[in-house]
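# Secondary and tertiary structure notes
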Amino acid sequence: MAKYITKRILMIIPVMLVTSIIVFALVKLSPGDPVLNMLNGKQATQETKDALAAEFNLDRPTVEQYFIWLKNALTGDLGMSYKSRLPVTSMIADKAGITTQLVLMSMGMMFALSIPLGIVCAIKRKSVIDIIGSVLTYVCSASPIFLTGLVFVIYLTYKNKWFPSFGTGDSVAENFRYLFLPALALALNEVALLSRILRGAMIEALDSNYIGTAIAKGMPKRTVYITHALKNSMIPVVTITGMQIGFVIISSVLVEQVFGISGLGSLIITAVKSNDYPLIQGTTLLLVLIYIVINTIIDIIYVIVDPRINLEKR
Amino acid sequence: MSYLMKMLKKIRVFAKTSKIGTIAGIVLILMIFVAVFADKLAPYDPNEINLLKTFEPCSLQHIFGTDISGRDIFSRVIFGTRTVFIGAIVVVGISTFIGVIAGLVSGYFGSVTDSVISRILDVFSAFPSLLLAFVVVAAFGTGLVNTAIALSVVYIPLMARVVRSVTLGQKSQCYVEACRSLHYSDARIIFNHILPNCMPIIVVQATTNMSYSLLDLAAMSFLGLGVVPPQSDWGAMLSEGSKYIIKAPNVCYAAGVAIILCVICFNLLGDGLQEYYDPKLRKG
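Turning to the overall build of chain A, a few remarks are in order. A tally of regular secondary structure across chain A gives 14 helices and zero strands. Reading the secondary structure of chain A in the N-to-C direction produces α-α-α-α-α-α-α-α-α-α-α-α-α-α.

Here you go:
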């Protein structure tokens, strides 16, 4: 077990190294002179250009640039933004809070909606509730997140004024109100997948002998469903959740755009649109790291929860 | 001729297995028809600007009304079908081609080849789908082709893993051993004998990938990193329409319903195909 966990954690290093090379190389391969890009079309003398190039280490060989960047990145310094001339690390730190809150709220809603739905659909299988539930979730999962968000904007913030429509509040508590709709739009997309998987696993569990025994013993239905059937059905749900976290994080870009929230997502989009390479490299590297770390944690939890999993095969 | 008959028989069995899947398939065929004959079917030029007729409501002349520059929304939705299908087919085509080969090769040869290919795929699947597309677009500029190529790289691991696992199962079957004892070349065994047995899962996975790639392409266009305006595209229409959504929501509704319909059809077709290939799933 300990060997597997160590191996799994050490696996992060080569993947991150290759990722950093890809991110660095893609940006380097891009056409256009970064110095001209920094100047934003303004005229400048050759000395100014050389000074700018030297400031961002652009006058050195590409391989050396990579190692400087990597060395700094390891100490938490992701370089300076071309456009705002602020350290990328602090720019990310500024925006990370709101995105984290958004993603966490959305994950909470995902579970709060899909677990009861999955249970009810499995127990009342092929009933009206089951059919309505599957049709609704099917439509929600087919709707692009930004479309769900736009529909919310029309009906819940403009026509009914139940929620603030744009931006964010000043404190975490206030943000619960501001981020409610964005988080819901993000969550609805995943609810279909999770509730379907839970429904399938629950049905399998409910049909098995040990549930029959429990019901025959006269155990209260609630205990049978929640403690016995649900517990055994949660493993696939946890796996899928882990696989979807990266998707939720990156999709937050879309809702941030719809609801005018300035989080990590809008930071990336502005960076991409203005060719702010250090910012793109920094945010991408960070997101990939988060994604890999979460997946590693899920893999490890998975092995701890279910000892039947064959470690050698994975 | 007999091939055609076989095909027809297969379709009849499929229609019997999954009615919903068949309906979805028919809708998709209609959509492809619309995409191909867009210039014949659209009542107006999708890029024709008429500033006297902005934000017209739905009427007989303009079925879905007109947008901010007086362009006919119905025509734009029809031309959008073309953009969307081309994009999705490029993504799924490239990712299926490379993914299937990578999966077959790594599953068949195993050992070092398998480790090397699997590690490379690990790196690409370390990127959440849209993120890699962002980086590629940042480096090479926006446009349908760049976005589609970037997204196809993300879909390669999905396909490759599925094909690899089926290949691993097939490799130990008797027929492969028989081929080996007849001294067939590896390429012949892989492509003539193992590949046909992987076909069902490839078809199902490709259909599902179509719906994912549709959503991802729409998202890229919505963020302004996909197709270049004024090309008609559903995602771009949503992005434009969202700016005046309170005044004229019909732009967003038209494009939104088109996307949802298309994605649902691909999902239902995928489910139907899975049922068709895996009789265990067929409902009694």
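Read on, since the account is not over.
Assigned secondary structure in chain B consists of eleven helices and zero strands. Ordered by position from N to C terminus, the α and β elements of chain B give α-α-α-α-α-α-α-α-α-α-α. Counting only C-alpha atoms and orienting by the principal axes, one finds that chain B spans roughly 75 × 45 × 35 Å. Within chain B, the fraction of its 284 residues that count as buried is 46%. Within chain B, residue pairs in contact and separated by at least 24 positions form 68% of the contacts whose partners lie at least 6 positions apart.

Residue and element names in this part refer to chain B. Remark: helix α4 (residues 73-109) packs on helix α9 (residues 186-222), axes separated minimally by 8 Å, with the N-to-C direction vectors making an angle of 145°. As for the relative orientation of α4 and α9, their crossing is right-handed in sense. Between α4 and α9, the residues in contact are V84, G87, A88, V91, V92, S95, T96, V100, L104 and Y108 and D186, I190, I194, L195, I202, A206, N209, M210, S213, L214 and L217, respectively. Of the residues assigned to the contact of α4 with α9, the class counts are 15 nonpolar, five polar and one charged.

What follows deals with the interface of chain A and chain B. Every contact between the two is made by 37 residues of chain A and, on the other side, 32 residues of chain B. Of all elements in the fold, only α2 (12-29), α7 (128-142), α8 (145-159), α12 (221-259), α13 (264-273) and α14 (277-305) of chain A reach the threshold of two or more residues within the side of chain A that touches chain B. Split into classes, the residues belonging to the side of chain A that touches chain B amount to 30 nonpolar, seven polar and no charged.

The next point concerns the environment of A:T283. All names here are of chain A. Within the element layout of this structure, T283 appears in helix α14. Exposure remark for T283: the 27 C-beta atoms within 10 Å place this residue in the buried category. Sequence separation of T283 and V88 is 195 residues, and the distance between their C-alpha atoms is 8.3 Å. The residues contacting T283, other than those within four sequence positions of it, are I92, L264, L267, I268 and A271.

Before going further, it helps to spend a moment on the nonpolar core. Residues and elements named next belong to chain B. Core analysis: the largest hydrophobic core is formed by 146 residues, its most contacted members being F134, V135, L214, A255 and I259. Top contributing element to this core by residue count: helix α11 (residues 250-277), with 16 residues. What A255 contacts, discounting residues up to four positions off in sequence, is V77, G80, W234, M237, L238 and G241.

Okay, helix α7 (residues 144-171) of chain B next. Because an α-helix completes one turn every 3.6 residues, residues spaced three or four positions apart along the sequence face the same direction. The end-to-end C-alpha distance of α7(B) is 39 Å, a good match for the 40 Å that 28 residues give at a rise of 1.5 Å each. Where α7(B) bends most, at B:V154, the angle is about 30°, and the proline B:P157 comes one to four residues later.

Residue and element names in this part refer to chain B. In this model, chain B carries an average pLDDT of 84, and 97% of its residues clear a pLDDT of 70 or more. The element-level mean pLDDT for chain B is lowest in helix α3 (residues 38-41), coming to 80, with α4 highest at 91. If you check the scores for this complex, the pTM reads 0.85 and the ipTM reads 0.81.

Turning to unusual backbone geometry, a few remarks are in order. Residue and element names in this part refer to chain B. Positioned with a positive phi, S111 is a non-glycine residue whose angle comes to about 40°. Its location among the elements puts S111 in helix α5 (residues 111-125). For S111, a count of 8 C-beta atoms within 10 Å gives the class exposed. With phi around 60°, H183 is a residue other than glycine that occupies positive phi space.

All names here are of chain B. Direction vectors running N to C along helix α10 (residues 234-241) and α11 enclose 150°, while the axes themselves pass 8 Å from each other. As the angle between them shows, α10 and α11 are arranged roughly antiparallel. You can see that α10 and α11 cross each other, and the crossing is left-handed. Of the residues in α11, those in contact with W234, M237, L238, E240 and G241 of α10 are V251, C252, A255, G256, A258 and I259. Its residues assigned to classes, the contact of α10 with α11 comprises eight nonpolar, two polar and one charged.

Definitions and cut-offs
Residues numbered from 1 in each chain as written. Chains lettered and ligands numbered in written order. Predicted model: local features only at pLDDT ≥ 70, side-chain atom pairs only at ≥ 80, totals over all residues. Helix = DSSP H or I, 4+ residues; strand = E, 2+ residues; numbered from the N terminus. Buried ≥ 20, exposed ≤ 12 C-beta atoms within 10 Å, placed from the backbone. Contact = placed C-beta atoms within 7 Å. Axes fitted to C-alpha atoms, helices over the stretch in contact; angles between N-to-C directions. Left-handed = near helix turned anticlockwise from the far one by under 90°. Nonpolar A, V, L, I, M, F, W, Y, C, P; charged D, E, K, R; others polar. Core = buried A, V, L, I, M, F, W, Y, C linked by C-beta atoms within 7 Å. Expected span 1.5 Å × (residues − 1). Bend = angle between axes of the 7 residues up to and from the residue. pLDDT = per-residue confidence, 0-100. Parallel < 35°, antiparallel > 145°, perpendicular 65-115°, else oblique.

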